[in-house]
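Architecture and fold: a report
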Amino acid sequence: MALSEAERQAFLAGAHIAALSVEAGTERAPLTVPVWYAYSPGGEVWFLTGGDSAKARLIGKAGRFSLLVQRASPTYRYVSVEGPVVGSGPTTLDDLTLIAARYLPAEALPGYVGGSDTRALVTFRMRPERWLSADLGAV
């Protein structure tokens, strides 16, 4: 069963690991990799990555990407979003801290953030245009 707009936005706002997919060219399937991300209902999806990574190059070229998040235990649920890049730029310390705080225990946060070089990172922002979602129940 498809999720309501409020349900799909709330689910996407959770701290799931996303599968990011981006066009990789005519001779290849899309590049698909796991990423940490952030989202607030009604807003943009954003994530950060190495500025010289394959993800960054391909997203820069394609100008859009998709994310899939899922819950693999009852009730089985997923949300997929796809849309254009609406912003990209250098990652700030605040960006890195906010993303890391979604996924790491509080005691690990200072070491992770302190050991990261934000100058090597880029933040991408996407406006969701297309949504797919379902709650598959407790099969």
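Our subject is the structure listed above.
To start, this report covers the structure provided alongside it.

Definitions and limits used
- Residues numbered from 1 in each chain as written.
- Predicted model: local features only at pLDDT ≥ 70, side-chain atom pairs only at ≥ 80, totals over all residues.
- Heavy atoms only, no water.
- Helix = DSSP H or I, 4+ residues; strand = E, 2+ residues; numbered from the N terminus.
- Rg over C-alpha atoms; globule rule 2.2 N^0.38 Å.
- Buried < 20%, exposed > 50% of the residue type's maximum accessible area, 1.4 Å probe, protein only.
- Areas by Shrake-Rupley, 256 points an atom, 1.4 Å probe, with all protein chains shown as cover.
- Lys, Arg positive; Asp, Glu negative; His and termini not counted.
- Charge placed at Lys NZ, Arg CZ, Asp CG, Glu CD.
- Salt bridge = Lys/Arg side-chain N within 4 Å of Asp/Glu carboxyl O.
- Phe/Tyr/Trp six-rings, centres within 6.5 Å; stacked < 30°, edge-to-face > 60°.
- Arc of directions from axis to C-beta.
- Contact = heavy atoms within 4.5 Å.

A few words now on the overall build of the chain. Tallying secondary structure elements over the chain gives four helices and seven strands in all. Traced from its N-terminal end to its C-terminal end, the chain shows the element sequence α-β-β-β-α-β-β-α-α-β-β. In terms of overall dimensions, the chain is globule-like: its C-alpha atoms have a radius of gyration of 15 Å, near the 14 Å expected for 139 residues. Projected onto the principal axes, the alpha-carbon positions of the chain cover approximately 45 × 45 × 25 Å. Looking at the chain residue by residue over its 139 residues, the buried ones come to 40%. Accessible surface for the chain amounts to roughly 7,600 Å². Of this, 56% is attributable to carbon and sulfur atoms. Taken as two groups, the 13 positive and 13 negative side-chain charges of the chain have centres that lie 3 Å from each other.

Further remarks concern the pattern of salt bridges. In this structure the tally under the stated criterion is eight salt bridges. For Arg77, the salt bridge goes to Asp135, with nearest N and O atoms at 2.6 Å. With Arg77 in strand 5 (residues 76-90) and Asp135 in strand 7 (residues 130-137), this pair connects stretches of sequence that are 58 residues apart. Where Glu129 meets Arg130, a salt bridge forms, and the shortest distance between an N and an O atom there is 3.7 Å.

As enumerated under the stated definition, the model contains five aromatic pairs in all. A centroid spacing of 4.9 Å and a plane angle of 10 degrees characterise the contact between Trp36 and Tyr103, whose relative ring orientation is stacked. A residue pair is termed long-range when its members are at least 10 positions apart, and Trp36 in the loop between strand 2 (31-35) and strand 3 (45-50) and Tyr103 in helix 3 (residues 93-103) qualify at 67 residues. A centroid spacing of 5.4 Å and a plane angle of 80 degrees characterise the contact between Phe47 and Phe65, whose relative ring orientation is edge-to-face. Of this pair, Phe47 sits in strand 3 while Phe65 is found in strand 4 (residues 64-71), placing the two residues 18 residues apart along the sequence.

Note: α-helices contain 3.6 residues per turn, so residues at a spacing of three or four share the same orientation. Every buried residue of helix 3 is listed here: Asp95, Leu96, Ile99, Ala100 and Tyr103. Within helix 3, the buried residues cover an arc of 115 degrees as seen down the axis, which keeps them to one side. For helix 3, the exposed residues lying more than 90 degrees away from the buried face are Leu93 and Asp94. In this fold, the buried residues of helix 3 make contact with strand 3, strand 5, helix 4 (109-114) and strand 6 (121-126).

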